[in-house]
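# Architecture at a glance
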Amino acid sequence: MSLKSENGSLGVVKNQDTFFAVDLGGTGTAVALVSRDGKVLSQSRFATREFVLKDRPHVFGSEVARQLGQLLQGFQGEPPTHLGIGAPDGNFFSGEVLYAPNLAWRGAVPLVKILEDQTGLSVILDNDANAAALGEGLFGAGRGLSDFVAVTLGTGVGSGIVSSGNVLRGANGFGGELGHLTVVPGGRVCGCGGLGCLETYASVTALIRTVINGVLNKSSGSGDFDAALLERDPEAAGPILSASALAGNPLALGAYRLAGESLGNAFAQLTTLLAPECFILSGGMLAAGDLFLAPLRERFALNAARFHKPLPRIVLSGLGSGDAALLGAASLCFS
Ligand SMILES: [Zn+2]
């Protein structure tokens, strides 16, 4: 099913003020009721891994339907008829989640069809990072800008590129995937099947990998970490690693430096290609503050082509955690 050919554009609903939005994340999924003027009216969350089950995608659909019903309890307005959802490897054109390496699903999952069947709503799907970029463009740090890149640094590296006022999706919906640019040829194995992708150096998962490597090599500071715990509980690992870096642990500091420099190199290449006005950052990697951002900015300034003066700004999302993705997902349904 091609949403684009059916609707012609993103704008499909002109006469409603409230929409459902879902942000399917690698660890948590948020379900929300969102107003057209960019307010998250109510929301709830559930653990993604409990409902995104291999070979059983309908389990996720029924949990979303159940939680949407709960959000409507006590809601006085007219119930929404449309749902926008951002998902890792979500494809705007096909309505499927395709070969998502960070989810338990395998192959092509027809998520739009599943959600439409189970909720009775009209559903529009996009890549989660594209949804976040839409949210930033309408309600966040990208407001009024025609060219920017929104980068979410969490379990993976998600990016949504807005170029000349349009989300860059490419011919097949997979355009704009900064996380899978090769930054180290022949480097770390990535879930996408490639080697040396940015995501394997500049995400929370990458930090864990760097620190576990350090523990195995008995690097300085490795005595502070339980490698098995980091591997077993990635959600808990992020705060542990940021706290360790802020406390001066050399292994954690080195992991953030590697991540920041890798991202800075990638931003320099992207600037050569796209000349954006700014990069908008969000996600768990930012918990270490300048321990991550300073090496990023240094490497970006060092490697960006000299004719890009002034350099694109690197700013932090002003929207609440996860709000950009929810607002952007809802905005897929706006007129
Ligand atoms: Zn990759």
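Computed from a predicted model, the values in this text were never measured in an experiment. (Residues numbered from 1 in each chain as written. Predicted model: local features only at pLDDT ≥ 70, side-chain atom pairs only at ≥ 80, totals over all residues.)

## Comments concerning the overall build of the chain
Within the chain, the regular secondary structure consists of 11 helices and 12 strands. Compactness check: the chain gives a C-alpha radius of gyration of 20 Å against a globular reference of 20 Å for 335 residues, within 12% of the reference. Seen along its three principal axes, the alpha-carbon backbone of the chain occupies a region of about 60 × 45 × 35 Å. In the chain, the proportion of contacts linking residues at least 24 apart, taken out of those at least 6 apart, comes to 67%. (Helix = DSSP H or I, 4+ residues; strand = E, 2+ residues; numbered from the N terminus. Rg over C-alpha atoms; globule rule 2.2 N^0.38 Å. Contact = placed C-beta atoms within 7 Å.)

## Section: the sheet that holds strand 12 (residues 313-316)
The sheet built from five strands is open, its strands ordered 10-9-8-11-12 with mixed pairing. A single partner strand is all that each edge strand has here, and the edge strands are strand 10 (166-167) and strand 12. (Pairing = 2+ DSSP bridges.)

## A short note on the sheet that holds strand 4 (residues 82-87)
The five strands lie next to each other as 3-2-1-4-7, forming an open sheet whose pairing is mixed. Each end of this open sheet is capped by a strand with a single partner; those strands are strand 3 (40-47) and strand 7 (122-127). Between one strand axis and the next, the sheet turns by 15 degrees as a mean value, whatever way the strands run. Where helix 3 (residues 57-72) meets the sheet, its contacts fall on strand 1 (18-24), strand 2 (28-35) and strand 3, and the angle it forms with strand 3 comes to roughly 145 degrees. In this fold helix 5 (residues 128-139) packs onto strand 1, strand 4 and strand 7, with an angle of close to 100 degrees to the strand it touches most, strand 7. (Axes fitted to C-alpha atoms, helices over the stretch in contact; angles between N-to-C directions.)

## Digging into the domain arrangement of the chain
Taken domain by domain, the chain consists of domain 1 (3-135 + 323-331) and domain 2 (144-316). A straight line from the C-alpha centre of domain 1 to that of domain 2 covers 26 Å. Between domain 1 and domain 2, the contact holds 15 residues from the first and 17 residues from the second. When its residues are assigned to classes, the side of domain 1 that touches domain 2 shows eight nonpolar, six polar and one charged. (Domains from an automatic or database assignment. Nonpolar A, V, L, I, M, F, W, Y, C, P; charged D, E, K, R; others polar.)

## Observations concerning the pairing of strand 8 (residues 148-153)
Along a regular strand, successive side chains alternate from one face of the sheet to the other. Where burial is concerned, most of strand 8 is hidden: six out of the six residues are buried. Taking every second residue as pointing to the same face, both faces of strand 8 are buried, with Phe-148, Ala-150 and Thr-152 on one and Val-149, Val-151 and Leu-153 on the other. Looking at chain direction, strand 8 and strand 9 (residues 157-163) are connected through six bridges and run antiparallel. Pairing of Thr-152 across the sheet is with Gly-158, part of strand 9. As paired strands, strand 8 and strand 11 (residues 278-282) are joined by five bridges and run parallel to one another. What sits directly across from Val-151, in strand 11, is Leu-281. (Buried ≥ 20, exposed ≤ 12 C-beta atoms within 10 Å, placed from the backbone.)

## A word on helix 3
Between its first and last C-alpha, helix 3 extends 24 Å over 16 residues, near the 22 Å set by a 1.5 Å rise per residue. Taken together, the buried positions of helix 3 are occupied by Pro-57, Phe-60, Gly-61, Val-64, Gln-67 and Leu-68. Down the axis of helix 3, the sector holding all buried residues measures 135 degrees, keeping them to one side. When the buried face of helix 3 is taken as reference, the exposed residues oriented beyond 90 degrees from it are Gly-69 and Gln-70. Against strand 1, strand 2, strand 3, helix 2 (48-51), strand 6 (108-109) and helix 4 (111-119) lie the buried residues of helix 3. Just past helix 3, the residue Gly-74 takes up positive phi, approximately 85 degrees. (Expected span 1.5 Å × (residues − 1). Arc of directions from axis to C-beta.)

## Examining the pairing of strand 12
When strand 11 meets strand 12, the two strands line up parallel, connected through four bridges. By the bridge assignment, Ile-280 is partnered in strand 12 with Val-315. Where the polypeptide runs from strand 11 across helix 10 (residues 290-303) and back to strand 12, its parallel neighbour, the crossover connection is right-handed. (Right-handed = clockwise from strand over helix to strand, strands pointing away.)

## A short note on helix 6 (residues 204-216)
Its 13 residues give helix 6 an end-to-end C-alpha distance of 18 Å, which sits within 8% of 18 Å, the value for a rise of 1.5 Å per residue. If you check which residues of helix 6 are buried, you get Val-204, Thr-205, Ala-206, Leu-207, Ile-208, Thr-210, Val-211 and Gly-214.

## Regarding the environment of Ile-212
Along the chain, the position of Ile-212 falls in helix 6. By the C-beta count within 10 Å, which is 19 here, Ile-212 ends up partly exposed. C-alpha separation for the pair Ile-212 and Gly-254, spaced 42 residues apart in sequence, amounts to 12 Å. The contact partners of Ile-212, leaving out residues within four places of it in the chain, are Ala-227, Leu-230 and Glu-231.

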